[in-house]
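Chain and residue survey
Residue-level listing of the chains:
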Amino acid sequence: MRIFGTALDGVVVFVPRRFGDARGYFSETWSRRVLAGLGVDLDFVQDNQSLSRTVGTVRGLHFQRPPHAQAKLVRVGRGRILDVAVDIRVGSPTYGKWVGVELSAEDGRQLLIPAGFLHGFVTREPDTEVIYKCSDYYAPDCDGAVRFDDPGIGVDWGIAPGDAVLSDKDRAAPLLRDLDNPFRYAGPFAYSAGLEALA
Ligand SMILES: Cc1cn([C@H]2C[C@H](O)[C@@H](COP(=O)(O)OP(=O)(O)O[C@H]3O[C@H](C)C(=O)[C@H](O)[C@H]3O)O2)c(=O)[nH]c1=O
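First things first, this report covers the structure right here in the doc. (Residues numbered from 1 in each chain as written. Predicted model: local features only at pLDDT ≥ 70, side-chain atom pairs only at ≥ 80, totals over all residues. Heavy atoms only, no water.)

The full set of residues close to the ligand is Gln46, Asn48, Arg59, His62, Lys72, His119, Phe121, Tyr132, Tyr138 and Lys169. In the environment of the ligand, an oxygen atom lies 3.0 Å from a nitrogen or oxygen atom belonging to the side chain of Gln46. Broken down by secondary-structure element, the contributors of at least two residues to the shell around the ligand are strand S5 (46-52), strand S6 (58-64) and strand S11 (117-123). Among the residues forming the shell around the ligand, the class breakdown is 3 nonpolar, 4 polar and 3 charged. (Near = heavy atom within 4 Å. Polar contact = N/O pair within 3.5 Å; in protein donor to acceptor, adjacent residues only side chain to side chain. Helix = DSSP H or I, 4+ residues; strand = E, 2+ residues; numbered from the N terminus. Nonpolar A, V, L, I, M, F, W, Y, C, P; charged D, E, K, R; others polar.)

So, in structure tokens, the structure goes:
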């Protein structure tokens, strides 16, 4: 398992090893022990999977409030996405900043999004399946969202905002500046220190 940094401290890319042979490949896509060995000490308790039929489907920007804030470990089972994380921890040196990483079934990359960050993705192929682990259970009362096209964040999704395929919930999400924001900066992530960036 290789680990790479991104422009946001705490948001890191994992690339699991693939054992290829004439049949295809085998890969351990997650091991608590391996991630703990890399300094990422997270207990994931729920796996999610979503299928998005159309290119340009945007799901996000989502989060869960404490006491059920979620860290997520995202990968693609089929297709390709631009996966996006936004730091919304008040007081963070990267508050309001975003990073996008392309993940695909082919490259096997995974993105870790800590609690305190918004998460969303846009699909780049039809029938894209996204599979992700969450560090807390779904808690509808704690469910939160911010507009995917919030000009104060400025995510470049690679599509015109008007072309995005959205849920009604995402279409109606507030801007970050209007959010009752529960997250505060609590310092750097030790596992991120000194990581090389993904090429
Ligand atoms: C997230 C979730 C949803 N649901 C139910 C609630 C709704 O009736 C239905 C669809 O939910 P939603 O429209 O919120 O699904 P997405 O738009 O894919 O939301 C997800 O997409 C972004 C990318 C995320 O990071 C979050 O995990 C999550 O918010 O599934 C559940 O039963 N359990 C769950 O954990």
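Another point: the packing of aromatic side chains. Across all of its chains, the model carries 5 aromatic pairs by this definition. Measuring from ring centre to ring centre gives 5.8 Å for Phe63 and Phe183, while their planes differ by 75°; the resulting arrangement is edge-to-face. In this pair, Phe63 sits in strand S6 while Phe183 sits in the segment after helix H2 (168-171), placing the two residues 120 residues apart along the sequence. Here Phe63 and Phe183 have matching classes, each one buried. When the ring of Phe117 is compared with that of Phe189, the centres are 6.4 Å apart and the planes differ by 55°; the resulting orientation is tilted. A residue pair is termed long-range when its members are at least 10 positions apart, and Phe117 in strand S11 and Phe189 in the segment after H2 qualify at 72 residues. Taken together, the ring pairs connect Phe117, Phe189 and Tyr191 into an aromatic cluster. The ring of Tyr25 carries Arg18 above its face, with NZ or CZ at 4.0 Å from the centroid. (Phe/Tyr/Trp six-rings, centres within 6.5 Å; stacked < 30°, edge-to-face > 60°. Buried < 20%, exposed > 50% of the residue type's maximum accessible area, 1.4 Å probe, protein only. Lys NZ or Arg CZ within 6 Å of the ring centre and 35° of its normal.)

Quick look at the sheet that holds S11 now. For sheets, the rule is that strands pair by backbone hydrogen bonds, running either parallel or antiparallel. Within the open sheet, the 5 strands sit side by side as S9-S8-S11-S6-S13. Their pairing is antiparallel. What marks the edges here is a single partner per strand, and that holds for strand S9 (98-104) and strand S13 (143-145). Averaged over neighbouring strand pairs, the angle between their axes works out to 30° when direction is ignored. In the sheet, S6 pairs with S11 via 3 bridges, with the strands oriented antiparallel. Within S11, the residue paired with Val58 across the bridge is Val122. (Pairing = 2+ DSSP bridges. Axes fitted to C-alpha atoms, helices over the stretch in contact; angles between N-to-C directions.)

Going through the model one piece at a time under the given rule, you end up with 14 salt bridges. Notably, a salt bridge pairs Arg32 with Asp41, separated by 2.9 Å at the nearest N-O pair. On the accessibility criterion, Arg32 (32% relative accessible area) is partly exposed. Of the charged contacts in the structure, one is a salt bridge between Arg32 and Asp43, with a shortest N-O distance of 2.5 Å. You can see Arg32 sitting in helix H1 (residues 32-37) and its partner Asp43 sitting in the loop between H1 and S5, a full 11 residues away along the chain. Classification of Asp43 by relative accessible area gives partly exposed; the value is 47%. Through salt bridges that share partners, Arg80, Glu102, Arg124 and Glu125 make up one connected network. (Salt bridge = Lys/Arg side-chain N within 4 Å of Asp/Glu carboxyl O.)

Looking now at the sheet that holds strand S1 (residues 2-4). An order of S1-S2-S10-S7-S12-S5 is seen for the 6 strands of this open sheet, with the pairing classed as antiparallel. Across the chains shown, the open sheet's two edge strands, defined by having one partner strand only, are S1 and S5. Adjacent strand axes in the sheet meet at a mean angle of 25°, parallel and antiparallel pairs treated alike. As judged from the 3 bridges shared by S1 and strand S2 (residues 12-15), these two strands associate in the antiparallel manner.

Okay, the pairing of strand S12 (residues 128-134) next. Of all 7 residues that make up S12, 6 are buried, and the element is covered over most of its length. Here 7 bridges tie S5 to S12, and the two strands are oriented antiparallel to one another. Paired with Ser52 across the bridge in S12 is Thr128.

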